[in-house]
Structure formats: C-alpha cells, structure tokens
Amino acid sequence: QTAEARGALLTADEDLINNEFLRALLGQGSLLADRGDFANALALFQLALQQAEQRGLQAGQARALDRLGSLHHRLGNFPAAIAAYRQSLALLQQLQNAEGIFAVQNNLGSALAEMGDTEGAIDAFAKSLQAGKGISEDKERLATVDTNIANAYNAAGNYARATEHLNRSLRMSESLGDLRRQ
C-alpha cells in the first residue's frame, strides 16, 4: 500500500470511530433518560455535542442537539427544547438532510404547540410534512404529522383545517390498515 492509501484508510477508520463514539454516547444518554436519570442523560448529550463540535461532525452535532431538545421537551423546558431543535435544524439544512429535517421539524412543532404558539407549530408541522413527502413512503409517520397539524389547527380554532388534516391522516392510516388512529 502507498502512503496515500494508508492515510485514506486511517482517515476512514477515524471517521468510523468518531461516529460510533457519538452513537454510543447518544444511545447511553437515551437509555438513562428512559430510566428517569435525566441529569446524567443531559450530561451525555452535552458531551456528545461537545465531541461532535470538536471533531467538526455537523451530522453528529445535529443528532446531539435533537436529543438535547427531546430531553428538554420531555422535562417541560420548552424554550431550551425549541432552541436546541432550531440549532439542529440549521445544521440539517446545511447538510440537506431531509430525513432529519422531517423528524426535527415535527419535534419543534410539538414543542411550539405545548408553548401555545399554534402558528409556529402549524408552520413547523407543515415544513415537516413537506420534507417527509420528499423522502418518506412511511405513511404512518406522515399520518402522525397530519394529526399533529390537525391538533394545532383545532387549538387555533380553525376547525375546517383541523378536519381536513385529520381526515387525510385517517385516510393514510386506513390505507395501512392501522385501526388505532380511527
């Protein structure tokens, strides 16, 4: 092997190790959060973010920020959740990661809805749905976002739009044979 080939392999190995290290930190943080150990989960998510930043891994930063947002959301700290989701979205948009945008826009919409910002929630859900239509044949996930939009329109008193989105969600669910949504 040439020195150039060995260097390329070393770089590829380093990237793999960095990504696996971040994945392990985030996975362990999620397990701790599921067990109710929120302080240690938060510490691991913050460590993952720091490590991703130090290594210049934007996708890792976006994942860590989404996890931080989800933890803050779960704890009812909606301003921190919204800030983390927005930071994650900025990185995902730079990376043109439609799958990530789909998921994080939906998370952002949920946090905004819980804060009482129905206009912001509707906008975030609509952007999630738009990103999802471009990449996902997962009708169940798309139906969930449509249900979220329906709930936001209902909270805003726009019952016609709420009904429109709820009906679309139900049609998707019926096409999947998912009777839980009916």
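Bear in mind that the values here come from a model prediction, so they are computed numbers and not experimental data.

A.B. asks: Help me out: how do you make sense of helix 5 (residues 98–115) in this one?
C.D. replies: Since one α-helical turn is 3.6 residues long, residues separated by three or four positions face the same way. Taking 1.5 Å as the rise per residue, helix 5 with 18 residues should run 26 Å; its terminal C-alpha atoms sit 25 Å apart, in good agreement. Residues of helix 5 that are buried include every one of Gly100, Ile101, Phe102, Val104, Gln105, Asn106, Leu108, Gly109, Ala111 and Leu112, and no others. Here helix 5 starts with a cap whose side-chain oxygen sits 3.3 Å from the backbone nitrogen of Glu99, and that cap is Asn97. Just downstream of helix 5 lies Gly116, where phi reads positive at about 90°.

A.B. asks: Is there a simple way to think about the confidence of the model for the protein chain in this case?
C.D. replies: Atom-level detail of predicted coordinates should not be read off regions where pLDDT is low. Residues of the protein chain with pLDDT of at least 70 account for 88%, and the chain-wide mean is 87. Per-element averaging of pLDDT across the protein chain places helix 1 (residues 3–34) at the bottom with 76 and helix 4 (residues 78–95) at the top with 98.

A.B. asks: Can you walk me through unusual backbone geometry in this structure?
C.D. replies: Excluding glycine, a negative phi dihedral is what most residues carry, and trans is how most peptide bonds are arranged. One non-glycine residue, Gln96, adopts positive backbone phi at about 55°. Its location among the elements puts Gln96 in the loop between helix 4 and helix 5. The exposed category is assigned to Gln96, whose relative accessible area is 70%.

A.B. asks: Would you take a moment to explain helix 2 (residues 38–55) for this structure?
C.D. replies: The terminal C-alpha atoms of helix 2, which comprises 18 residues, lie 26 Å apart, in line with the 26 Å expected from a rise of 1.5 Å per residue. Listing the buried residues of helix 2 in full gives Ala41, Leu44, Phe45, Ala48, Leu49, Gln51 and Ala52. Each buried residue of helix 2 lies within a common arc of 165° when the element is viewed along its axis, so the set occupies one face. Residues of helix 2 that are exposed and point over 90 degrees away from its buried face: Ala39 and Gln54. Backbone geometry just downstream of helix 2 places Gly56 in the positive-phi region, at approximately 70°.

A.B. asks: Would you mind showing me how to read the environment of Ser70 here?
C.D. replies: Note on placement: Ser70 falls in helix 3 (residues 58–74). Put simply, Ser70 and Asn107 are 37 residues apart on the chain and 7.5 Å apart in space, counted from C-alpha to C-alpha.

A.B. asks: Teacher, can you tell me more about the packing of helix 4 against helix 5 here?
C.D. replies: If you want to describe how two helices pack, look at the angle between their axes and the distance between the axes. Where helix 4 contacts helix 5, the axes come no closer than 9 Å and their chain directions differ by 155°. Classed by the angle they form, the pair helix 4 and helix 5 counts as roughly antiparallel. Helix 4 and helix 5 meet at a crossing whose hand is left-handed. Across the interface between the two elements, Phe78, Pro79, Ile82, Tyr85, Arg86, Ser88, Leu89, Leu92 and Gln93 from helix 4 touch Gly100, Ile101, Val104, Gln105, Asn107, Leu108, Ala111, Leu112, Glu114 and Met115 from helix 5. Looking at side-chain class alone, the contact of helix 4 with helix 5 contains twelve nonpolar, five polar and two charged residues.

A.B. asks: Even after reading the chapter, I still don't get the environment of Leu112, so can you show me in this structure?
C.D. replies: Among the secondary structure elements, Leu112 is positioned in helix 5. When the C-alpha atoms of Leu112 and Ala124 are compared, they prove to be 8.4 Å apart, with twelve residues separating the residues in sequence. Setting aside anything within four residues of it in sequence, one finds Leu112 in contact with Ile82, Arg86, Asp117, Gly120, Ala121 and Ala124.

Scoring rules and cut-offs
Residues numbered from 1 in each chain as written. Predicted model: local features only at pLDDT ≥ 70, side-chain atom pairs only at ≥ 80, totals over all residues. Heavy atoms only, no water. Helix = DSSP H or I, 4+ residues; strand = E, 2+ residues; numbered from the N terminus. Expected span 1.5 Å × (residues − 1). Buried < 20%, exposed > 50% of the residue type's maximum accessible area, 1.4 Å probe, protein only. Polar contact = N/O pair within 3.5 Å; in protein donor to acceptor, adjacent residues only side chain to side chain. pLDDT = per-residue confidence, 0-100. Arc of directions from axis to C-beta. Axes fitted to C-alpha atoms, helices over the stretch in contact; angles between N-to-C directions. Parallel < 35°, antiparallel > 145°, perpendicular 65-115°, else oblique. Left-handed = near helix turned anticlockwise from the far one by under 90°. Contact = heavy atoms within 4.5 Å. Nonpolar A, V, L, I, M, F, W, Y, C, P; charged D, E, K, R; others polar.

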